[in-house]
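Now for the letters of each chain:
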Amino acid sequence: MAMWDRIKDQAKGLQQAQGARGAGGHGRPGMGSSGSTRSGGGSKAQLVSALKSQLTSLKTELKSGAYRDASMAMCALVAAADGNVDPAERQHVESLILNNDVLQNFPADQLRQRFNKHVDQLSFNFQQGKTEAMQEIAKAAKKPTEARAVVQTGFVVAGADGFIAPAEEQVLREACAALGLSPQEFGL
């Protein structure tokens, strides 16, 4: 549970930072409400929801091809973290991607094509596919907001079932390293 508290604190901190530099510093209505779920313990579903809303608050900033491509590589790595991706899991993650508010900045066919390319590479040769996905993820390191959003997108996909498996945590840690971010910032 401590990991989820750290993630929530990190999401709250990013929301506050976003609000402080947003239009006139007004932030988003209800932005401080994430603190109330913390005192109540909060469920993993609530935490994933908090990360989703935090990402949504950045939607207007997350329109670059680097973010799109890195996020699809991240989603593929999360889906294949245990070394394989069955068709049902692939379809489930693809559905999460296509229904993600922020990722709707991009045409669905672009997202699908990039996600499936990485999943296919990971399925064919996991180590080589992982190396290529990490190279794609690293391209988002130039912009800290996008870099953090890539990891958060990975968390949202990994935590969609209310549980983040150890193999998923590992690829998220490796993505942090590729992006020059501290894994501790994300409770890893």
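Look above for the structure.
Structure report, in brief. Note that this is a predicted model, so its numbers are computed, not measured.

Once that is clear, we can look at the overall build of the protein chain. A count of helical and extended segments in the protein chain gives nine helices and zero strands. Helices and strands appear in the protein chain in the N-to-C order α-α-α-α-α-α-α-α-α. Across the protein chain, contacts joining residues at least 24 apart in sequence account for 76% of those joining residues at least 6 apart. Carbon together with sulfur atoms contributes 52% to the accessible area of the protein chain, which is approximately 8600 Å² in total.

Going through the model one piece at a time under the given rule, you end up with nine salt bridges. A salt bridge links glutamate 136 to lysine 139; the shortest N-O distance between them is 3.7 Å. Exposure remark for lysine 139: the relative accessible area of 47% places this residue in the partly exposed category. The residue arginine 173 makes a salt bridge to glutamate 169 at a minimum N-O spacing of 3.8 Å. Linking arginine 173 with glutamate 169, this pair stays in helix α9 (residues 166-179), spanning four residues, or about one helical turn. Each of Arg68, Asp69 and Arg114 takes part in salt bridges that share partners, so that together they form one network.

We now examine the packing of aromatic side chains. Applying the stated criterion to the full structure yields one aromatic pair. Ring centres of tyrosine 67 and phenylalanine 106 lie 6.3 Å apart, and the angle between their planes is 35°; on these two criteria the pair is classed as tilted. Placement of tyrosine 67 in helix α4 (residues 65-79) and of phenylalanine 106 in the loop between α5 (87-98) and α6 (108-124) is noted, with a sequence separation of 39 residues between them. Of the two residues, tyrosine 67 and phenylalanine 106, neither departs from the other in class, the shared state being buried.

Where α4 meets helix α7 (residues 126-138), the closest approach of the two axes is 8 Å, and the angle between their N-to-C directions is 145°. For α4 against α7, the interelement crossing comes out left-handed. Residues Asp69, Ala70, Ala73, Met74 and Leu77 of α4 form the contact with α7, whose participating residues are Lys130, Ala133, Met134, Glu136 and Ile137. Class assignment of the residues belonging to the contact of α4 with α7 gives a composition of seven nonpolar, no polar and three charged.

Structurally, glutamate 174 can be placed in helix α9. Through-space distance from the C-alpha of glutamate 174 to that of methionine 134 is 8.0 Å; in sequence the pair is 40 residues apart. Those residues in contact with glutamate 174, other than ones at most four positions away along the chain, are Lys130 and Met134.

All right, on to the nonpolar core then. Within the largest apolar cluster, 46 residues are counted, with the highest numbers of intra-cluster contacts made by Met74, Phe115 and Ile137. The dominant element in this core, judged by the number of residues it contributes, is α4, at ten residues. For phenylalanine 115, the residues in contact, after removing those within four places along its chain, are Met72, Cys75, Ala76, Ala79, Arg90, Val93, Glu94 and Ile97.

Let's shift gears to α4. Since the α-helix advances by 3.6 residues per turn, residues separated by three or four positions end up pointing in the same direction. For α4, built from 15 residues, the straight-helix expectation of 21 Å at 1.5 Å per residue is met to within 8% by its first-to-last C-alpha distance of 21 Å. Burial of α4 is extensive: 13 of the 15 residues sit out of reach of the surface.

Basis of the calculations
- Residue positions are given per chain, counting from 1 as you read along its sequence in written order.
- Side-chain atom pairs in this predicted model are given and counted only at pLDDT of 80 or more, local residue features only at pLDDT of at least 70, and totals for whole chains, interfaces and linings cover all residues.
- Side-chain descriptors were evaluated using all non-hydrogen atoms of the structure, hydrogens and water having been removed beforehand.
- Helix and strand definitions follow DSSP, with helices as H or I runs of at least four residues and strands as E runs of at least two, each counted in order from the N terminus.
- Only heavy atoms matter for contacts: two residues are in contact if any of them lie within 4.5 Å across the pair.
- Here, Shrake-Rupley sampling with a 1.4 Å probe gives the accessible areas, and only protein chains in the shown set may cover a residue.
- Salt bridges are defined by distance alone: a side-chain nitrogen of Lys or Arg within 4 Å of a carboxyl oxygen of Asp or Glu.
- Partly exposed describes any residue whose relative accessible area lies between the buried limit of under 20% and the exposed limit of over 50%, with all areas from a 1.4 Å probe on protein chains only and scaled to the type maximum.
- Pairs were defined over the aromatic rings of Phe, Tyr and Trp, the Trp ring being its six-membered one, requiring ring centres within 6.5 Å. Orientation was assigned from the angle between planes: stacked under 30 degrees, edge-to-face over 60, tilted for the rest.
- The axes used here are C-alpha line fits, helices contributing only the stretch in contact, and every angle between their N-to-C directions lies in the interval 0 to 180 degrees.
- Here a crossing is taken to be left-handed if its near helix is turned anticlockwise relative to the far helix by less than a right angle, and right-handed if that turn runs clockwise.
- All amino acids are sorted into three groups, where Ala, Val, Leu, Ile, Met, Phe, Trp, Tyr, Cys and Pro are nonpolar, Asp, Glu, Lys and Arg are charged, and the leftover types, Gly among them, are polar.
- Residue types Ala, Val, Leu, Ile, Met, Phe, Trp, Tyr and Cys, when buried and joined through side-chain atoms within 4.5 Å, form a set referred to as a nonpolar core.
- The length a helix should cover is 1.5 Å for every residue beyond the first.

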